[in-house]
Amino acid sequence: MSERMERDPAVDDASYRLLVEAVVDYAIYLLDRDGRVRTWNPGGERLKGYRAEEIIGQPFALFFTEEDRRRGLPETALETARRVGRFESEGWRLRKDGSRFWALAVIDAVRDPAGEVVGFAKITRDMTDRHEAQRALVETERRFRLLVEGVTDYAIFMLHPNGTIANWNAGARRIHGYEADEIVGEHFSRFYTEEDRAASLPARALTEARTTGRFEVEAWRVRKDGSRVWAGVVIDAIRDEAGEVIGFAKITRDLSERRRVEQALQESERRFRLLVNGVTDYAIFMLDPNGIVVNWNAGARLIKGYEAEDIVGQHFSRFYTKEDREWGVPWRALAEARSAGRFEAEGWRVRKDGSRFWASVVIDAIRDDDGAIIGFAKITRDITGRRESQLALDEARQQLVQAQKLEALGQLTGGVAHDFNNLLQVISSGIDMAERLAGGDRRLGGILAEVRNATKRGAELTGQLLTFSRRAPLRPEVVDTEDCLKQAVGLIRRSLPPQVSLRTALDRGLWPIRIDVGQLEVALLNLAVNARDAMSGGGTLTLQARNAGLSGEPQGLSGPHVAIALRDTGPGIPAEVLVRVFEPFFTTKPVGKGTGLGLSQVHGFAEGAGGRVTIRSAPDEGTEVTLFIPALPGAEADRPQDGSAQADGSQRLPAGLRVLVVDDDPAVARLTAGMLEAAGCRPETTNDPRKALRWLEAGRTFDMLLLDVVMPGSMSGLELAKEVQRRWPGLPILLATGYAADEGALTGKFDLLRKPFTALELTRTMTGLGIGAPGAGAGAGAGAGG
């Protein structure tokens, strides 16, 4: 420009100035040879903020940033323009206010006719917007590359027009399993299943993308390891400016989890439909806003008895009882569901046949998107059985309280019976001694016989109390059935009121049975009490017994049995009650009148004896309960063997046997010693187990120890027996107890004698232990004392 001005001095300077002054988008000004501003146009003022009077004469280095000035860029720019005629660059420049802008700067050397540089023409344009746009574009491209490379949920890569892979991102590596160097250059068809390749699906996909611009599908694809992935695939054609396809962009996403969820959802919806339609335990149906039934499921049909055509279109209030309809219960239920969103209750509902059932009912309001009620969902469940179970549970709890009271009474009874046995032992021992002193006095002998009978009845009563308290262990023995039942008759008779008569019908020649006599008596007593309560107005109770050869009936029994039956003339038992009579705690008696354990005890006794129990009854025909007990034809009943009995019934033992008696009750100890003295023994007594132990340690010799099991203090009789057995194993030990729980615990460990015992029972037990037999006696005592 300056050269043209030099070449053509005729150019109108005024026109040139007007042109330069008119330009506002460019700063156009002259610099002298040293780089100082010589001219300034409005564009320079707008761009850089300086007025002409502020900047003319100033070095143009003012427009450069501090860092550019430090590296000498202003000088380099002028030197380059001076040397080559032109300098052009882009960079940050400064305005008067210190702000920066991105500038495109051109510096042209201005020469005189001789070619000498006389100054510089400088043109600057603000390129900030374009620069920012370019930077944004570069940043966008950078971020896009980072995005594509960083995406792991999508496989994003390019295909050449022939379908070979051009690049590979991290998502493609994760989804397909290939590293870039393994797959770039390979054909993308290897991701397809064998059957898809056979059907030419890869080629068809590219063809569709080429013709329509896009291909999209969901299908199975194959990973490097051969496993399959359900993929969402998009292939877009990439075209140049001329519209020619130069490749394809391919995006693949692993949709396996989504497909699994969708399939699960579809399956869930299918099952839900099947559930609602197939549910039989719940009535599930819809009501319109007025309570009219609009649909009906199988459960509703089974619970309420209506077919769909019978009930759809009818008002749901017909399921309610007459009294509930009169009280407006159905309409209040809908009102509550409408206002609160839900109604829930339990109550009686009515089936089509008029029968009632106890129902759990839920009514939920159904609203549209605007919140308006469009109907109700109603679910009804028949919980009659649950209600009955709850009532039965409540009743069982009450019965349990009664049973716990009886258990406490049983514990008390067990303790009382133990003490009572000690008292009876004193009486029994005293009778033995009194009978010896009475000599031939028949009158005194008769009195003592009555006292002995009373003592025997007391012992029987104690045994019954222990059986009641469940502290009597099982003592099975072979018994004469007829004798056993005759003895039980007295017990049964005492349990009956005057208005109930007792008859017996016992066949002759009843086979022996092996049972616990006490348990049999309790079983018969329970049956008698039940019959007595059933015949409150009077009647007849019959005890029968017969031999029975069974072959599978009843209840699989076979072989010889004795059938023992009690039959009453009471009102009988209804069929629905009869099936439950042997259940523990089941009773039809009012609270306080029965525990429901009587017949369960009978059932347990029969099963424990290896037999069974049956019951027959009908309204107005009475009740008959039969015990079938295994029999032992030809067996002999267990009877005590007679020895050399004395006049009082006891057996004479070899004279001089030394017996140590240890009992905490002094009276029992003294009278037991009297029995032993009468049998020819030399007893010694003590109430202190530790004193007895000291005697043994001191060398005193005994042929036998007779120890009471329960004794207060630091050592019991059992503990003393164990210590003696450990230290003097050859010394015979006989334990005596009036507490039946000890019998079960000690059976098989020590020989036991149950209180109250007679002189005969004592001497027979000692004889059974071999006390006084040849080779026993002093030898045993010497071993103990030594």
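Residues numbered from 1 in each chain as written. Predicted model: local features only at pLDDT ≥ 70, side-chain atom pairs only at ≥ 80, totals over all residues. Heavy atoms only, no water.

1. Things to note about the packing of aromatic side chains
Stated formally: A pair of aromatic rings is counted whenever rings of Phe, Tyr or Trp (Trp by its six-membered ring) have centres within 6.5 Å, and the orientation is called stacked for planes under 30 degrees apart, edge-to-face for over 60 and tilted otherwise. Secondary structure counts use DSSP, requiring at least four H or I residues in a row for a helix and at least two E residues in a row for a strand, with both numbered from the N terminus. Buried, partly exposed and exposed residues are distinguished by accessible area as a fraction of the type maximum, computed with a 1.4 Å probe on protein chains only: under 20%, between the cut-offs, and over 50%, respectively.
One pass over the structure, following the stated rule, counts 18 aromatic pairs. Ring centres 5.1 Å apart and planes at 85° place the aromatic pair W92 and W102 in the edge-to-face group. Highlighted residues: W92 in strand β2 (residues 86–94) and W102 in strand β3 (residues 100–111), separated in sequence by ten residues. Assessed through its relative accessible area of 25%, W92 is described here as partly exposed. For W102, a relative accessible area of 14% corresponds to the buried category. Pairing F157 with W168 gives two aromatic rings, centres 5.0 Å apart and planes at 45°, and the pair type is tilted. With F157 in strand β5 (residues 154–159) and W168 in the loop between β5 and α8 (170–176), the pair connects residues that are eleven residues apart, well separated along the chain. There is no split in this pair, since F157 and W168 are both buried.

2. Some thoughts on unusual backbone geometry
The amide bond that connects E553 to the next residue, P554, takes the cis arrangement and shows omega of 0°. Mapped onto the elements, P554 comes out in the loop between β16 (539–551) and β17 (558–568). One non-glycine residue, S200, lies in positive phi territory at about 60°. By the element assignment, S200 lies in the loop between α10 (194–198) and α11 (201–212). Phi angles above zero are rare outside glycine, and D620 is one such case at about 70°. Its location among the elements puts D620 in the loop between β18 (612–617) and β19 (623–630).

3. Comments concerning the packing of helix α24 (residues 689–697) against helix α25 (residues 717–727)
Formally: Fitted lines through C-alpha atoms serve as axes, helices being fitted only where they are in contact, and the angles separating the N-to-C directions of these axes extend from 0 to 180 degrees. When an angle is under 35 degrees it counts as roughly parallel; over 145 it counts as roughly antiparallel; between 65 and 115 it counts as roughly perpendicular; any other value is oblique. If you view the pair so one helix is near and one far, a crossing is left-handed when the near helix is turned anticlockwise from the far one by less than a right angle, and right-handed when it is turned clockwise. Should any heavy atoms of two residues lie within 4.5 Å, those residues are counted as being in contact. When residue character is reported, Ala, Val, Leu, Ile, Met, Phe, Trp, Tyr, Cys and Pro are called nonpolar, Asp, Glu, Lys and Arg charged, and the others, Gly included, polar.
Interhelical geometry of α24 versus α25 gives an angle of 15° and a closest axis separation of 10 Å. Between α24 and α25, the angle falls in the class roughly parallel. Our pair here, α24 against α25, has a crossing hand that is right-handed. Where α24 approaches α25, its residues P689, A692, L693, L696 and E697 are matched on the opposing element by L720, E723, V724 and R727. Here the residues of the contact of α24 with α25 are counted per class, giving six nonpolar, no polar and three charged.

4. Notes on the side chain of T481
Within the secondary structure, T481 sits in helix α19 (residues 481–494). T481 gets classed as buried once you look at its relative accessible area, which sits at 2%. Among all residues touching T481, those that are not within four sequence positions of it are L510, W511, P512, I513 and V562.

5. What about the side chain of K250?
Rules: Charge assignment in this entry is limited to Lys and Arg as positive and Asp and Glu as negative, and neither His nor the chain termini are counted. The rule for a salt bridge is simple: a side-chain nitrogen of Lys or Arg has to be within 4 Å of a carboxyl oxygen of Asp or Glu. In protein, a polar contact requires one atom able to donate a hydrogen and another able to accept it; more generally it is a pair of N or O atoms within 3.5 Å, and residues adjacent in sequence count only if both atoms are side-chain atoms.
Following the sequence through the fold, K250 ends up in strand β8 (residues 245–254). Buried within the structure, K250 lacks any salt-bridge partner; its nearest side chain of opposite charge belongs to D196, at an N-O separation of 11 Å. In this structure the side chain of K250 is engaged in a polar contact, spanning 2.9 Å, whose partner is the side chain of T252. Beyond its immediate chain neighbours, meaning those up to four positions away, K250 contacts A155, I156, F157, L159, F188, V233, V234 and I235.

6. Considerations on helix α20 (residues 517–534)
So the rule is basically this: Each helix should span, by expectation, one fewer than its residue count multiplied by 1.5 Å.
For α20, which comprises 18 residues, the first-to-last C-alpha distance of 26 Å matches the rise-based estimate of 26 Å (1.5 Å per residue) to within 8%. Among all positions in α20, only V517, Q519, L520, E521, A523, L524, L527, A528 and A531 are buried.

7. Section: the sheet that holds strand β22 (residues 704–708)
Test applied: By definition, two strands form a pair when at least two bridges between them are found by DSSP.
Here five strands make up an open sheet; going across it, the order is β21-β20-β22-β23-β24 and the pairing parallel. Sheet topology places β21 (682–686) and β24 (751–754) at the edges, where each strand pairs with a single neighbour. Pairwise comparison of adjacent strand axes, ignoring direction, gives a mean angle of 25° for this sheet. Sheet topology note: the strand β20 (residues 658–662)/β22 ladder contains four bridges and is parallel. By the bridge assignment for β22, L660 is matched with L705. Together, β20, β22, β23 (733–737) and β24 form the strand contacts of helix α27 (residues 759–768), whose direction differs from that of β24 by roughly 170°.

8. Looking at the pairing of strand β9 (residues 282–287)
Of the two faces of β9, only one is covered, namely that formed by A283, F285 and L287; the face formed by Y282, I284 and M286 stays uncovered. Inspection of the sheet shows β9 paired to strand β12 (residues 373–382) by six bridges, in the antiparallel sense. Considered in β12, the bridge of F285 is made with K378.

9. Digging into empty space enclosed by the protein
Filter applied, for reference: Cavities and pockets were defined on a 1 Å grid built over protein atoms only: a cavity is a set of grid points that admits a 1.4 Å probe from which the probe cannot escape, a pocket is an open set flanked by protein on both sides within 12 Å along at least five of seven lines, and lining residues are those with an atom within 4 Å of any such point. Grid points are joined across faces, edges and corners, and a volume is the space filled by probe spheres set on the points.
Here the structure, examined in full by the defined rule, presents one cavity of 30 Å³ or more. Estimates place the volume of the largest cavity at around 50 Å³. Lining of the largest cavity is provided by V661, V662, D663, V668, T672, L706, L707, D708, A736, K755 and F757. Looking at which element gives the most residues to the lining of the largest cavity, the answer is β22, with three residues. Along the lines of polarity and charge, the residues of the lining of the largest cavity split into seven nonpolar, one polar and three charged.

10. What about the packing of α19 against α20?
With their axes 10 Å apart at the nearest point, α19 and α20 run at an angle of 45° to one another. Taken together, the axes of α19 and α20 are oblique relative to one another. α19 and α20 meet at a crossing whose hand is right-handed. Listed contacts from α20 to C484, L485, A488, L491 and I492 of α19 are V517, L520, E521, L524, L525 and A528. Taken together, the residues of the contact of α19 with α20 sort by class into ten nonpolar, no polar and one charged.

11. Things to note about the pattern of salt bridges
As enumerated under the stated definition, the model contains 41 salt bridges in all. Two residues, E307 and R301, come together in a salt bridge whose shortest N-O distance is 4.0 Å. When its relative accessible area of 35% is taken as the criterion, E307 is described as partly exposed. What makes R301 partly exposed here is its relative accessible area of 34%. Notably, a salt bridge pairs E723 with R726, separated by 2.6 Å at the nearest N-O pair. Of this pair, E723 and R726 both sit in helix α25, three residues apart, roughly one helical turn. One continuous salt-bridge network, built from bridges that share partners, spans R51, E53, E54 and K96.

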